[in-house]
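# Coordinate analysis (summary)
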Amino acid sequence: MPKKNSLLSFLFFFLAVWFLSGGAVHADHHKGLQGFNSLMENESRAQYRSHWLEVAGYFERAYRESTSESSAAEALFYLGRTHEELGKRSYLRADFEKAEDYYTRVVREFPLHDRAGEAQFRKAGLHLNHYHDAAQAYIEYLRVVYNFSQSRFKPEAQKVLEELDRKNLEKIRRVGGATAQKYTDEADAAGFSHQPEPGGTMKLMEMTPPAISSQPALDQDRILPEEARLVTIRHWSSDEYTRVVLDLDSQVDYHHQLLKPDPDLGTPHRLFIDLEKTRRGEDIAGEEKVADGILSRIRSAQHTQDKSRVVLDIHELDNFRVFALENPFRIVVDVYAPEERKVLGTLEGGPQITLDPRSRELTAGSLVEQLGLKVRTIMIDPGHGGKDPGAISNGIKEKDVVLRMSRILGRHLEQQGFNVLYTRTRDVFVPLEERTAMANSQKADLFISVHANAHRNPNVRGFEVYYLNFAKTEDAKRVAARENAVSTQKISDLQYILTDLMLSSKINESRNLAQKVHTNTISHAQGRFTDLGDNGVRQAPFYVLMGAKMPSILLELGYMTNERDLRLLQSDDFLEYMAKGLTQGILAYKDKIEQFASLSYKN
Ligand SMILES: [Zn+2]
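None of the values given here were measured: they were computed from a predicted structure.

### Structural notes on the overall build of the chain
In terms of regular secondary structure, the chain is built from 18 helices and 20 strands. Taking all 603 residues of the chain together, the buried fraction comes to 45%. For the chain, contacts bridging at least 24 residues in sequence account for 68% of all contacts bridging at least 6.

### Re the sheet that holds strand β7 (residues 295-304)
If you trace the five strands from one edge of the open sheet to the other, you get β3-β4-β8-β7-β6, paired in antiparallel fashion. In the strand order of this sheet, the two ends are held by β3 (254-259) and β6 (287-289), each with one partner. With direction set aside, neighbouring strand axes in the sheet form an average angle of 15°. Summarising the sheet, β6 and β7 pair through three bridges and their orientation is antiparallel. When the sheet's bridge partners are listed, Glu288 is paired in β7 with Ile298.

### Brief notes about helix α14 (residues 474-484)
Of all eleven residues in α14, nine are buried, a share of seventy percent or more. For α14, the complete set of buried residues consists of Ala476, Lys477, Arg478, Val479, Ala480, Ala481, Arg482, Glu483 and Asn484.

### Describing the sheet that holds strand β2 (residues 241-248)
Read from one edge of the open sheet, five strands run β5-β1-β2-β10-β9, paired in mixed fashion. Each having just a single partner strand, β5 (278-280) and β9 (319-325) make up the two edges of the open sheet. On average, adjacent strands in this sheet sit at an angle of 25° to one another, irrespective of strand direction. Here β2 pairs with strand β10 (residues 330-336) via seven bridges, running antiparallel. When the sheet's bridge partners are listed, Arg243 is paired in β10 with Asp334.

### Some remarks on the packing of helix α5 (residues 69-90) against helix α6 (residues 93-109)
In contact at an axis separation of 7 Å, α5 and α6 are set at 160° when each is read in the N-to-C sense. Accordingly, the angle class assigned to the pair α5 and α6 is roughly antiparallel. The two elements α5 and α6 cross, and the hand of that crossing is left-handed. Residue-level inspection shows Ala73, Leu76, Phe77, Leu79, Gly80, His83, Glu84, Leu86, Gly87 and Ser90 of α5 in contact with α6, the latter providing Asp95, Phe96, Lys98, Ala99, Tyr102, Tyr103, Arg105 and Val106. A class-by-class count of the residues in the contact of α5 with α6 yields ten nonpolar, four polar and four charged.

### Considerations on unusual backbone geometry
The phi torsion of most residues other than glycine is negative, and most of the peptide bonds are trans. In this structure, Pro328 follows Asn327 across a cis peptide bond, with omega equal to -5°. Looking at the secondary structure, you find Pro328 in the loop between β9 and β10. A positive phi angle is found at His132, which is not glycine, with a value near 55°. With respect to the helices, strands and loops of the structure, His132 is situated in the loop between α7 (114-130) and α8 (134-147). With phi around 60°, His384 is a residue other than glycine that occupies positive phi space.

### A look at the nonpolar core
The nonpolar side chains of a soluble globular protein tend to be buried, and buried together. Val106, Val333 and Ile553 are the most contacted members of the largest nonpolar core, which has 142 residues in total. Apart from the residues lying within four places of it in its own chain, the contact partners of Val333 are Arg243, Val244, Leu271, Ile273, Leu312, Phe320 and Val322.

### Topic: the environment of Leu325
By the element assignment, Leu325 lies in strand β9. Take Leu325: there are 23 C-beta atoms within 10 Å of it, and that puts it in the buried class. Residues Leu325 and Asn484, spaced 159 residues apart in sequence, show a C-alpha to C-alpha distance of 9.1 Å. Dropping the residues within four chain positions of it, Leu325 is found in contact with Arg330, Val332, Glu433 and Tyr543.

### Here's the deal with helix α4 (residues 49-64)
An ideal rise of 1.5 Å per residue puts 22 Å on 16 residues; α4 measures up with 22 Å between its terminal C-alpha atoms. Within the sequence span of α4, burial applies to Trp52, Val55, Ala56, Tyr58, Phe59, Ala62 and Tyr63. Along the axis of α4, the buried residues cluster in a sector spanning 150°; they form a single face. Among the exposed residues of α4, those pointing more than 90 degrees away from its buried face are Ser50 and Arg64. Of the surrounding elements, those touching the buried residues of α4 are α2 (27-41) and α5.

### Some thoughts on the packing of α7 against α8
Here α7 crosses α8 at 165°, and the two axes come no closer than 7 Å. Looking at the two axes, α7 sits roughly antiparallel to α8. Crossing geometry of α7 relative to α8 is assigned as left-handed. Along its contact with α7, which presents Gly117, Gln120, Phe121, Lys123, Ala124, His127 and Leu128, the element α8 presents Ala134, Gln136, Ala137, Glu140, Tyr141, Arg143, Val144 and Asn147. Class assignment for the residues of the contact of α7 with α8 results in seven nonpolar, five polar and three charged.

So, how was this worked out
Residues numbered from 1 in each chain as written. Predicted model: local features only at pLDDT ≥ 70, side-chain atom pairs only at ≥ 80, totals over all residues. Helix = DSSP H or I, 4+ residues; strand = E, 2+ residues; numbered from the N terminus. Buried ≥ 20, exposed ≤ 12 C-beta atoms within 10 Å, placed from the backbone. Contact = placed C-beta atoms within 7 Å. Pairing = 2+ DSSP bridges. Axes fitted to C-alpha atoms, helices over the stretch in contact; angles between N-to-C directions. Parallel < 35°, antiparallel > 145°, perpendicular 65-115°, else oblique. Left-handed = near helix turned anticlockwise from the far one by under 90°. Nonpolar A, V, L, I, M, F, W, Y, C, P; charged D, E, K, R; others polar. Core = buried A, V, L, I, M, F, W, Y, C linked by C-beta atoms within 7 Å. Expected span 1.5 Å × (residues − 1). Arc of directions from axis to C-beta.

And the structure:
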């Protein structure tokens, strides 16, 4: 090629790029683009790793020497593109992971740049097509829809989401029935006679929920992994409650069986959890002694060639639940110690009252305490944190908004004499099931999870209070899906687990608390912010409320995707008003149950 010609085309290309990006483009960026495009057109040259790395080198320099946000974002985006194309040819996961890192940086560091939505979309594609993790891909595509609602990639992301939903539904129809039958038989064999309701529902609940596997829904030619791995075992224990979480690297079939204590052998209750086609991770201790609760030790072993077994030794046991949460896949075991109380009665719509028969002298105050109805310690749970930003709108992150609100609310509650605990006070990631476990094992009397909402329609706004129950509306399902980081389809699956969990949770009390908090907050805050949107009290299955022993609610303060709401959420004046209203609601709830307790005392 004559030199003059190539010089001309260089100039043309340079001008075109300069014009398109609305500013000066670093010469290295231009060289990178040229190299990238020529490799895309020449598959035989594209087979060489060194060629891609050379292109990456140009973009790296362009990034380092970038003088504007726009050129930095462009260079990072193309570093992602280059490594993605390299990965497609090398088949090395490390290349895709590098690409993902660059896309993530575009999204985090330049959320307002045009490329951010595209980077998020490409990141989702890596999960779907290269990591073969449809569950995570689903979340990533949801982020395109919610966090980049203006992006031209939004319609395409919605299309993939619909397709994933359709595939998942088919899978449930295929898998659901068979698993249920199998497990019912095993539950019979295990003899769950002590269970409060050994009927059909209970057995259905004890089975592996017919949840969607994290296997790829779209990719046909993927080689399925031979076996899953049990990665870690986590636990939280107090004298009344224990939660054990088994973390796995993919979805597995699991079964559990309870063996009653044997006085002759001196063995305690033993709960076996068998994980099919699972290898126990080498880092996991074969035996861990747990000194401080009803759980005395956790043992794990490779039971057979392809089955891992975890055994929990439990001092005192009244009831237990085993259920799975998704993304990532983990199995949660909740164990409850017996509470020696008798049912006193139930006020219509009010708390169920139980009383220790051993008590002789009671005052109204001690009755409240006795009944487990005291409201002294409140666990505030600022949503998200760390690697999980929650909803993002205009560069504002939900995790930051709700942490600030939680601190303000905590201060108001302390001023009223409450003892306030937090699931996090810093920008750290805390898994949802750990938050509930903290509240249970620290014996909090109320649990308040603080969130801000997002919607694809920017006109949607307003304040909502949720409590744990079946989702009644599509809208509630969608909110739970977002907060649980799973698909709305999985919310439908969750309803199975929920029926069982509800036997041990305080649904009535939680609804009362939600209503008190809602009316008081709205009436107080609307005194100052007259146009505050009010979406009322709602119900949905939130992971973070599942298994909570105390009345618990989840607040959606407002919609980050609505301009007015977002402005309010950033104003301390508004947050102070909300906190005041929320506190009045909690005080009203406390008054009501104390009144009720003194009433039943007089009777
Ligand atoms: Zn949230």
